[in-house]
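Each chain is listed here by its residues.
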Amino acid sequence: MPAQVYTGKDCVCQFRLGKCDQSCVRDMLATPFYVACLRLTNRSCLVVGGGEIGLEKVEGLLACDGRVTVVAPQLGPELEELAREGSIEHLARDYEPTDLVGRFLVIACTDDTEVNIRVYDDAERRAMLVNVVDVPPLCNFILPAILRTGPLAIAISTAGASPALAKRMKREIAEHFGEEYARLAVLLNDVRGWAKATLPTYQDRKAFFEGIVDGSPDPVALLRADRTDELLHLIDDAKRAAQERVAA
C-alpha cells in the first residue's frame, strides 16, 4: 500500500474522507495500466515541491533530458545547487494553475493535500500527464522502479502495492541482466540500418535478429567471456545467410 494511504490516517486524496478508509486504492491492483516509455528530451516538465522527494523526481527527469521547472517557496540544498548551476528553473513561490501552461507533464510532491489535489484537478482539465507522489487516485500515470544499463531500461511495477518489493526485484534483475545485455543491444542497433536496407520484409528482419539473439553460440555468453570478436563474426555470418535466403 502506498505510504500516504492507509486506514485511519488523514485522507490525502480528492475524496476528502477525513480519515482514510483505503477506498481510493481498492481497485488499483485490478487497473490495467498502459505501459509506455516517454521521450522527454527538451520537453517542459514541472515538479511541484522542493524537498527530498522533489529532488528524486527532478533527478529522474533530468536523466531523461527533460527541461525541469520546480515551483516551491523553498528548495532543499541539492535542488538549490541545481537551480544555481542552471540545470533547473526555480519559481520561488506557491503553485499557481498557470504554471501548467506549456508543460508536458507535472509531478506533485508537496506535504499539502489541498495543493496536490489542485495540481491534479488542474492537470486533468488540460488532459496532461500528472502524478501526485504516493497518492494513486491523484495520478493518471505511475512511476515504476527503473533499471538502466546503457540503452536498456527495465521497468518494474507493483501497481503501487509494494515499492519495497519493486526495489528488491530491481536488484535481482540487475544481477541477471548486466552490462553485456546493453553491449549486445548496441551491437544489434549497429546493424539495424543494414537490415532495413537489405531485408525486404518485417518477417525477414525478425528472423535475422532472433537468429542472432536466440542462436548458438549464445551472444550474451560470448560477451560475458570477452569474446566480442567472435560475436561480430557471428553477426557477419548471419548477415550473409539472410542475404542468401532473400536472394533464393
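Residues numbered from 1 in each chain as written. Predicted model: local features only at pLDDT ≥ 70, side-chain atom pairs only at ≥ 80, totals over all residues. Heavy atoms only, no water.

**Comments concerning the sheet that holds strand E5 (residues 129-132)**
Whether parallel or antiparallel, the strands of a sheet pair through hydrogen bonds between backbone atoms. The sheet built from five strands is open, its strands ordered E3-E2-E1-E4-E5 with parallel pairing. Edge positions in the open sheet fall to strand E3 (89-91) and E5, since each of these has one partner strand only. Between one strand axis and the next, the sheet turns by 20 degrees as a mean value, whatever way the strands run. In the packing of helix H3 (residues 113-125) onto the sheet, the strands contacted are strand E1 (44-48), strand E4 (105-108) and E5, and the crossing angle to E5 comes to about 165 degrees. (Pairing = 2+ DSSP bridges. Helix = DSSP H or I, 4+ residues; strand = E, 2+ residues; numbered from the N terminus. Axes fitted to C-alpha atoms, helices over the stretch in contact; angles between N-to-C directions. Contact = heavy atoms within 4.5 Å.)

**Let's talk about the pairing of E5**
Taken residue by residue, a regular strand's side chains alternate between the two faces of the sheet. Here E4 pairs with E5 via four bridges, running parallel. Considered in E5, the bridge of Leu 105 is made with Leu 129. Crossover connection from E4 via H3 to parallel E5: handedness right-handed. (Right-handed = clockwise from strand over helix to strand, strands pointing away.)

**Side note on unusual backbone geometry**
Leaving glycine out, the prevailing phi sign among residues is negative, and the prevailing peptide bond configuration is trans. At the junction of Ser 216 and Pro 217, the peptide bond is cis and its omega measures out at 5 degrees in the coordinates. As for its position among the elements, Pro 217 is in the loop between helix H7 (202-213) and helix H8 (219-224). Phi at Ala 127 takes a positive value of approximately 55 degrees, unusual for a residue other than glycine. With respect to the helices, strands and loops of the structure, Ala 127 is situated in the loop between H3 and E5. Classification of Ala 127 as exposed rests on a relative accessible area of 71%. One non-glycine residue with positive phi stands out, namely Asp 134, at about 70 degrees. Checked against the element boundaries, Asp 134 lands in the loop between E5 and strand E6 (145-149). Looking at Asp 134, the relative accessible area reads 29%, which means it is partly exposed. (Buried < 20%, exposed > 50% of the residue type's maximum accessible area, 1.4 Å probe, protein only.)

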